[in-house]
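These are the residues of each chain, in order.
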Amino acid sequence: QVQLVESGGGLVQAGGSLRLSCVASISTLTFGVMGWYRQAPGKQRELVATHNLGSPTTYADSVKGRFTISRDNAKNTVYLQMNSLKSEDTGVYYCNAKTWGGFDHWGQGTQVTVSS
């Protein structure tokens, strides 16, 4: 059973920063794509950023220039550095890992709240 455990969420003022971490229970080389999604209250889950082995990273337009995704395969961890946070960044952030065969794994989510 693959486990993805997120951490690093919390309450921060607008303009502040947070770094989210997602640790996988198996080697992250198992996953061609790892990424972060978020879900705000009353809204659908949306893609924030993806880190693709052998391909460029991707970002939602709303976070470009403010968020950075990175992966440390030696630590089986993917990170999301979030700077210049805005109130609209508030939501539950989920880690996603997609195997080379296309199977999705999800973390339990971590809450990010940005106060204005």
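This structure is a prediction, so every number in the text was calculated from the model and none was measured.

Definitions and cut-offs
- Residues numbered from 1 in each chain as written.
- Predicted model: local features only at pLDDT ≥ 70, side-chain atom pairs only at ≥ 80, totals over all residues.
- Heavy atoms only, no water.
- Helix = DSSP H or I, 4+ residues; strand = E, 2+ residues; numbered from the N terminus.
- Buried < 20%, exposed > 50% of the residue type's maximum accessible area, 1.4 Å probe, protein only.
- Disulfide = S-S within 2.5 Å.
- Pairing = 2+ DSSP bridges.
- Axes fitted to C-alpha atoms, helices over the stretch in contact; angles between N-to-C directions.

**Points about unusual backbone geometry**
Argument step 1. Positive phi, normally seen in glycine, also occurs at Asn76, with a value near 55 degrees.
Argument step 2. Note that Asn76 resides in the loop between strand E7 (67-72) and strand E8 (77-82).
Argument step 3. Of note in this structure, Ser84 is not a glycine but carries a positive phi near 50 degrees.
Argument step 4. Considering the arrangement of structural elements, one finds Ser84 in the loop between E8 and strand E9 (91-99).
Argument step 5. Residue Ser84 is classed as partly exposed on the basis of its relative accessible area of 41%.

**Side note on the state of the cysteines**
Argument step 1. Overall, the coordinates contain 1 disulfide when judged by the stated rule.
Argument step 2. A sulfur-sulfur distance of 2.1 Å marks the disulfide that ties Cys22 to Cys95. Measuring handedness by torsion sign, the sulfur bridge of Cys22 and Cys95 sits at about -80 degrees and is left-handed. Of this pair, Cys22 sits in strand E3 (residues 18-24) while Cys95 sits in strand E9; the two residues are 73 residues apart in sequence, bridging distant segments of the chain.

**Focus on the sheet that holds strand E1 (residues 4-7)**
Argument step 1. Spatially, E1-E3-E8-E7 is the arrangement adopted by the 4 strands of the open sheet, whose pairing is antiparallel. Strands with a single pairing partner mark the edges of an open sheet, and in this sheet they are E1 and E7. Across the sheet, the axes of successive neighbouring strands diverge by a mean angle of 15 degrees, strand direction being ignored.
Argument step 2. Both E7 and E8 contribute to a ladder of 6 bridges, which runs antiparallel. Each bridged residue has a counterpart across the sheet, and for Asp72 the counterpart in E8 is Thr77.

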